[in-house]
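These are the residues of each chain, in order.
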Amino acid sequence: MGALLQTINFNHLTNWSVAHLLENQFNYNQAYELVKIGDFLIRNRNRITIDDNTEYKRVTIRMNNNGITLRDRVMGKDIGTKKQFLIEKGQFLLSKIDARNGAFGLATDEVDGAIITADFFAYEIDKTKIEPYFLVLMTTTKQFQRFAQGASSGTTGRQRIDEKKFLDVKIPLPSLEKQKEIVDAYQSKISLAEKQEQEAKEKEKEIEAYLYRELGIEVAQSNSKSEIFKIIDFSKLNISWSLSDLLSSNDLKAKYKLISLNEVAIIIMGSSPKSNELNTRCKGYQFIGGASDIKNKNIISKRYIESSSKISIKGDILYLVRATIGKPFIINDSYYLGRGVASIRVNENIILRDYLIDILELFEDRIISLGKGSTFKQISKPDLVNLEIPLPPLETQKKIVIYIEILKNEILKLKEKSEQNRVLALQEFEKEIFNEA
């Protein structure tokens, strides 16, 4: 049973609103002084009148603490609100409406000299009291967002932050020296996470380069009317180059026979189910039909049909063919195929499923370039069945699959460690300041 009474020290009292008091109670490190936000943020009141003949930069403050970016550049004559505020690099900005959703950030070089309307606040930071990046870290915490939510009021969806309530909130503030120490510890883990992400990217490039070397793939590129082919020596190709980009508009050669996909697989293109096929006597075939289904490898639609030739079977490769193209994976059940996907059923006496997945991933840009459509691209059945791929002996395919699987597992582990370090960095910050993780 929760406590019937809560107490608050009088010297911590900033607002007599019961809701405000209850919403802003938290555990914190008692070694740190509680300081009003308004003690280190000074409102920027550099108001200007927009000149019709001057170009201005405008900003976007992203929610969930995703920073501040340049929205656009526009001439003054196209700006309706003529009284605005000029911001500077290093100022702390927030959106009145979206502060409760983490719309905070520091102005960067990119937005230095930009303008904001009265729907935003900009503040100078007193660096004798708080490190700017420490403030950024503070705003990433769920506790700080609760502060912002507690200081916001209004109708749902249009709640605006009350500046006085916001500036009156007290947060635990270590000494500048301790702030720098905390920031350094955070940055150390973030740097490690970034290093791991980069290592994962390099291994992804290594997979690409390995396939080109192992399969002896060459790209014949037409550079002029008089030059029919140009052969690139892939043994000398630096793995940092993007090989897929070269494939998108060039002919292909390899040391192994190039075969069309329909020579080694049956391809079933999905289609939209007819109304009389839905919710009939259920045979248990779930419907799969788009990017969200495949991305999450999770069949989310609850529609069923009685019968159809557009049904995959366990072991087929599912492939996105509409809008988002690619993302192949092996399915573990039978599904009705919606118009956004295709099922590739391989002859494993000739080609390994995992090998084909590796090739489809390698040739993703090439396949996308075959798509047609104005609003979004779509791959037709002829695009897939006529796709040429190199076909080495099964033993060579097995060797390739095993090697790439090792690299993919290393990539997965690096990405997991990177994400863990990012989470741990913030958790350790919260634990240090708020006595909680």
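For clarity, every value in this text was computed on a predicted model and none was experimentally measured.

### Quick notes on the pattern of salt bridges
Pairing of side chains with opposite charge becomes possible as their charged atoms draw close. Counted by the stated rule, this structure contains 26 salt bridges. One salt bridge connects arginine 160 with aspartate 119, and the closest N-O pair in it is separated by 3.5 Å. Highlighted residues: arginine 160 in strand β12 (residues 160-161) and aspartate 119 in the loop between β9 (115-116) and β10 (120-125), separated in sequence by 41 residues. Owing to a relative accessible area of 31%, arginine 160 belongs among the partly exposed residues under this scheme. The exposure class of aspartate 119 is partly exposed, given its relative accessible area of 33%. Its salt-bridge partner being aspartate 383, residue lysine 372 comes within 3.6 Å of it at the nearest N-O pair. With a gap of eleven residues between them, lysine 372 in the loop between α9 (364-370) and α10 (381-385) and aspartate 383 in helix α10 connect regions that are remote in the sequence. A relative accessible area of 55% places lysine 372 in the exposed class. Among the residues examined, aspartate 383 registers a relative accessible area of 12% and is labelled buried.

### Notes on the sheet that holds strand β23 (residues 341-346)
Here four strands make up an open sheet; going across it, the order is β17-β23-β20-β21 and the pairing antiparallel. The open sheet has two edge strands with one neighbour each: β17 (265-269) and β21 (324-330). Ignoring strand direction, the axes of neighbouring strands in this sheet form an average angle of 20°.

### Some words on the pairing of β10
Where burial is concerned, most of β10 is hidden: five out of the six residues are buried. One ladder, built from four bridges, connects strand β7 (residues 92-95) with β10; its direction is antiparallel. Residue phenylalanine 92 lies in a different strand from β10, and its bridge partner there is tyrosine 123.

### Side note on the confidence of the model for the protein chain
Regions with low pLDDT carry predicted coordinates that are not meant to be interpreted in detail. Mean pLDDT over the protein chain stands at 80; residues scoring 70 or higher make up 76%. Low pLDDT, under 50, characterises residues 222-232; the stretch is placed with 17 contacts to residues that sit more than four places away or in other chains. Counted against residues more than four places away or in other chains, residues 279-283, with its pLDDT under 50, gives nine contacts.

### Considerations on the sheet that holds β10
Taking strand neighbours across the sheet as the criterion, the four strands line up as β2-β10-β7-β8 in an open arrangement whose pairing is antiparallel. For this open sheet the edge positions go to β2 (41-43) and β8 (104-106), each flanked by a neighbour on one side alone. Adjacent strand axes in the sheet meet at a mean angle of 30° when their direction is disregarded. Where β7 lies against β8, three bridges are found, and the strand directions are antiparallel. Paired with phenylalanine 92 across the strands is leucine 106, a residue of β8. Helix α2 (residues 132-139) contacts β2, β7, β8 and β10 of the sheet and is inclined by roughly 160° relative to β8.

### Here we look at the packing of α2 against helix α11 (residues 394-434)
Their axes nearest at 10 Å, the elements α2 and α11 cross at an angle of 95°. Between α2 and α11, the angle is such that the two are roughly perpendicular. Within the contact between the two elements, α2 uses Phe134, Leu137 and Met138 and α11 uses Phe429, Ile433 and Phe434. The class makeup of the residues in the contact of α2 with α11 is six nonpolar, no polar and no charged.

### Side note on the side chain of serine 418
Of note, serine 418 is situated in helix α11. Polar side-chain contacts of serine 418 include one of 2.9 Å to the side chain of glutamate 197. Excluding its chain neighbours within four sequence positions, the residues that come into contact with serine 418 are Ala193, Gln196 and Glu197.

### Side note on the nonpolar core
Looking at soluble globular proteins, one finds that nonpolar side chains tend to be buried together. Counting residues in hydrophobic clusters, the biggest one holds 44 residues, and the most contacted among them are Ile344, Leu356, Phe363 and Ile389. Contributing elements (two or more residues each) for this core: α5 (176-215), β17, β20 (317-322), β23, α8 (353-362), α10 and α11. Listed in part, the 35 residues of the second largest apolar core include Phe92, Met138, Ile161 and Ala425.

### A closer look at the packing of α2 against α5
Interaxial distance between α2 and α5 falls to 9 Å at its minimum, and their mutual angle equals 65°. In this structure, α2 crosses over α5, and the sense of that crossing is left-handed. Facing α2, whose interface residues are Tyr133, Phe134 and Leu137, α5 presents Gln179, Ile182, Val183, Tyr186 and Gln187. For the contact of α2 with α5, the residue count by class is six nonpolar, two polar and no charged.

### With respect to the environment of leucine 320
Secondary-structure assignment places leucine 320 in strand β20. With 19 residues separating them in the primary sequence, leucine 320 and arginine 339 have C-alpha atoms 9.3 Å apart.

### Regarding the packing of aromatic side chains
Tallied over the full model, the rule gives eight aromatic pairs. Geometrically, the ring pair formed by phenylalanine 144 and phenylalanine 166 is edge-to-face, given 6.0 Å between the ring centres and 85° between the ring planes. Taken together, the residues phenylalanine 144 in helix α3 (residues 142-150) and phenylalanine 166 in helix α4 (residues 163-168) connect sequence positions 22 residues apart. Each member of the pair, phenylalanine 144 together with phenylalanine 166, is buried. A network of ring pairs unites the aromatic residues Phe92, Phe104, Phe144 and Phe166 as a single cluster. Arginine 43 extends its terminal NZ or CZ atom over the ring of phenylalanine 85, reaching a point 6.0 Å from the ring centre.

### Brief notes about α2
Counting along an α-helix, one turn takes 3.6 residues, and residues three or four places apart therefore face a common direction. Taking burial as the measure, the eight residues of α2 include six buried ones, the bulk of the element. All buried positions along α2 are accounted for by Pro132, Phe134, Leu135, Leu137, Met138 and Thr139.

Here is what the cut-offs are and how they apply
- Residues numbered from 1 in each chain as written.
- Predicted model: local features only at pLDDT ≥ 70, side-chain atom pairs only at ≥ 80, totals over all residues.
- Heavy atoms only, no water.
- Salt bridge = Lys/Arg side-chain N within 4 Å of Asp/Glu carboxyl O.
- Helix = DSSP H or I, 4+ residues; strand = E, 2+ residues; numbered from the N terminus.
- Buried < 20%, exposed > 50% of the residue type's maximum accessible area, 1.4 Å probe, protein only.
- Pairing = 2+ DSSP bridges.
- Axes fitted to C-alpha atoms, helices over the stretch in contact; angles between N-to-C directions.
- pLDDT = per-residue confidence, 0-100.
- Contact = heavy atoms within 4.5 Å.
- Parallel < 35°, antiparallel > 145°, perpendicular 65-115°, else oblique.
- Nonpolar A, V, L, I, M, F, W, Y, C, P; charged D, E, K, R; others polar.
- Polar contact = N/O pair within 3.5 Å; in protein donor to acceptor, adjacent residues only side chain to side chain.
- Core = buried A, V, L, I, M, F, W, Y, C linked by side-chain atoms within 4.5 Å.
- Left-handed = near helix turned anticlockwise from the far one by under 90°.
- Phe/Tyr/Trp six-rings, centres within 6.5 Å; stacked < 30°, edge-to-face > 60°.
- Lys NZ or Arg CZ within 6 Å of the ring centre and 35° of its normal.

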